[in-house]
Amino acid sequence: MKKQIAILGSTGSIGTQALQVIEEHPDLYEAYVLTANNRVDMLIEQARKFRPEAVVIANEERYNQLKEALADLPIKVYAGSEALCEVVTDQHIDMVLTAMVGYAGLKPTMHAIKAHKPIALANKETLVVAGELINELAHVNRTPILPVDSEHSAVFQCLAGEADTPIEKVILTASGGPFRTYTHEQLAHVTRQQALKHPNWSMGAKITIDSASMMNKGFEVMEAKWLFGVKPEQIEVVVHPQSIVHSMVQFEDGAIKAQLGMPDMRLPIQYAFSYPQRIKASFPRINWMNCAELTFEQPDLERFRNLALAYEAIHRGGNMPCIVNAANEVVVEAFLNDRISFLGMSDVIEQTMSRASFLAKPSYEDYVATDAEVRRLAAELIH
Ligand code: NDP
Ligand code: MG
């Protein structure tokens, strides 16, 4: 029986790499659902090649084009964000890979969990916004959540065989991004093009900007807290510019386990698909002769204020991470459209954090309201 996989966001960086994993193991995996937001041409191409049961285009204006292009094939075609929530509940789906970007991933992920579909979670914003709620939902429905984010996959791999071993510390590595060595003055003038050039990873635009500002690492601390049930004080961030050590776990006897590899997302994607097995892969291997050194340094919370703001949000809890996430989505979009400076992003996030309504025990409806309120506030602050 081949594992039937629904890929939410199949046209993105993670989505296309997931399809490469499926292509490499046609005997094990099949793409059952493919979805996109706007890139309809790529979705058509993927559908013709992988022949899924269904495709969804979130942007309803692209529906007719998609429907007509696939008219000769027995593929169900849907449109709209509600369709994403419905399609993941199909009884034949064995796993849902959440590879959409941003807050939009939350609702379909909740529907998939309620339908007892194991989640391969790339969409970290889901846990940033509503980690507590997602954990409760996964617990009640006994739905496993398998990390795809490379750091969390590394931690997860280090924990194999350690089910009852207490964790002393989780050590998340960070590349430091393209501006690791920049001064505050230099950061004031960096451009979108510079920020989009990540030294080690090729990823979607939003996460690439988050990596440059180190907001990504702040989000990953939140993600680790919910995935591994550790306290924020037990999570250490270490800058490791070579991106070879993907993350580490320190146990109570002082032993540290690390997972190493090339910076290639296909490995963590495949591990989530194949867990608890490891299966053969043809991805490039490390050549140790090319790794002259592996170095580690402290992150600088003064130059990378987003990381400090993320820590503050973790400590305040409640809907504060949701506030930071929504403000961040608005400023990153503005930065990508040259409407705000690199450092201006942190200013808007900080101001939004002090202005938005704080809720200590938010419900799902509260998160929806917070997200909407913050998007309004942040947009006003940018103008
Ligand atoms: P991309 O921007 O490359 O792809 C995003 C995908 O989501 C695309 O298929 C896009 O469709 C779709 N999408 C975007 N917005 C919406 C929406 N509102 N409704 C429905 N679909 C939407 O992102 P990445 O692949 O880089 O990242 C995906 C997620 O994985 C993010 O949460 C990111 O943080 C996480 N992640 C990514 C890593 C990476 O290496 N790329 C590493 C670790 C985590 P369309 O193409 O039509 O726009
Ligand atoms: Mg990561």
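Residues numbered from 1 in each chain as written. Chains lettered and ligands numbered in written order. Predicted model: local features only at pLDDT ≥ 70, side-chain atom pairs only at ≥ 80, totals over all residues. Heavy atoms only, no water.

A. Structural detail: the packing of aromatic side chains. Under the defined criterion, the tally for this structure stands at seven aromatic pairs. Between the aromatic rings of F179 and Y182, the centroid separation amounts to 4.9 Å while the plane-to-plane angle is 50 degrees, which identifies the pairing as tilted. Here Y182 falls in the partly exposed class, since its relative accessible area comes to 22%. Of note, R316 hangs over the ring of F358, and the distance from its end group to the ring centre comes to 5.9 Å. (Phe/Tyr/Trp six-rings, centres within 6.5 Å; stacked < 30°, edge-to-face > 60°. Buried < 20%, exposed > 50% of the residue type's maximum accessible area, 1.4 Å probe, protein only. Lys NZ or Arg CZ within 6 Å of the ring centre and 35° of its normal.)

B. Up close: the site of ligand 1. In the vicinity of ligand 1 lie 25 residues, with T11, N38, R39, E125 and G204 positioned nearest. R39 has a polar side-chain atom sitting 2.5 Å from an oxygen atom of ligand 1. One of the backbone nitrogen or oxygen atoms of A122 is found 3.4 Å away from an oxygen atom of ligand 1. Notes on ligand 1: free accessible area 890 Å², of which the protein chains cover 88%. Among the residues making up the shell around ligand 1, the classes are represented as twelve nonpolar, nine polar and four charged. Looking at which domains feed residues into the shell around ligand 1, each of domain 1 (3-147) and domain 2 (152-316) gives three or more. (Near = heavy atom within 4 Å. Polar contact = N/O pair within 3.5 Å; in protein donor to acceptor, adjacent residues only side chain to side chain. Areas by Shrake-Rupley, 256 points an atom, 1.4 Å probe, with all protein chains shown as cover. Nonpolar A, V, L, I, M, F, W, Y, C, P; charged D, E, K, R; others polar. Domains from an automatic or database assignment.)

C. The nonpolar core, seen in detail. Ranked by internal contacts, the top residues of the largest apolar core, which has 95 residues, are I22, V55, L66, L97, F273 and F342. Looking at this core element by element, the count peaks at eleven residues for helix α14 (residues 320-336). Other than its neighbours up to four places away in sequence, L97 contacts A6, I7, L8, I14, A18, A120, V148 and F273. (Core = buried A, V, L, I, M, F, W, Y, C linked by side-chain atoms within 4.5 Å. Helix = DSSP H or I, 4+ residues; strand = E, 2+ residues; numbered from the N terminus. Contact = heavy atoms within 4.5 Å.)

D. Quick look at the pattern of salt bridges. Counted under the stated rule, the structure contains 22 salt bridges. Among the salt bridges present, the one from K217 reaches E220, with a minimum N-O distance of 2.6 Å. Linking K217 with E220, this pair stays in helix α11 (residues 215-228), spanning three residues, or about one helical turn. Overall, the relative accessible area of 5% leaves K217 in the buried class. Exposure remark for E220: the relative accessible area of 1% places this residue in the buried category. E329 is the partner of R375 in a salt bridge, and the nearest nitrogen-oxygen pair spans 2.8 Å. Here R375 is found in helix α16 (residues 364-382), whereas its partner E329 is found in helix α14, with 46 residues between them in sequence. The network of salt bridges with common partners includes K124, D149, E151, K217 and E220. (Salt bridge = Lys/Arg side-chain N within 4 Å of Asp/Glu carboxyl O.)

E. Inspection of the pairing of strand β9 (residues 235-239) at higher detail. With four of its five residues buried, β9 lies for the most part within the structure. Sheet topology places strand β8 (residues 167-174) next to β9; five bridges connect them, and they run parallel. Residue I171 lies in a different strand from β9, and its bridge partner there is E236. (Pairing = 2+ DSSP bridges.)

F. The side chain of R266, seen in detail. Tracing the chain through its elements places R266 in helix α12 (residues 266-274). A polar contact of 2.7 Å, which involves the side chain of R266, links it to the side chain of D264. What R266 contacts, discounting residues up to four positions off in sequence, is Q17, Q20, V21, F283 and P284.

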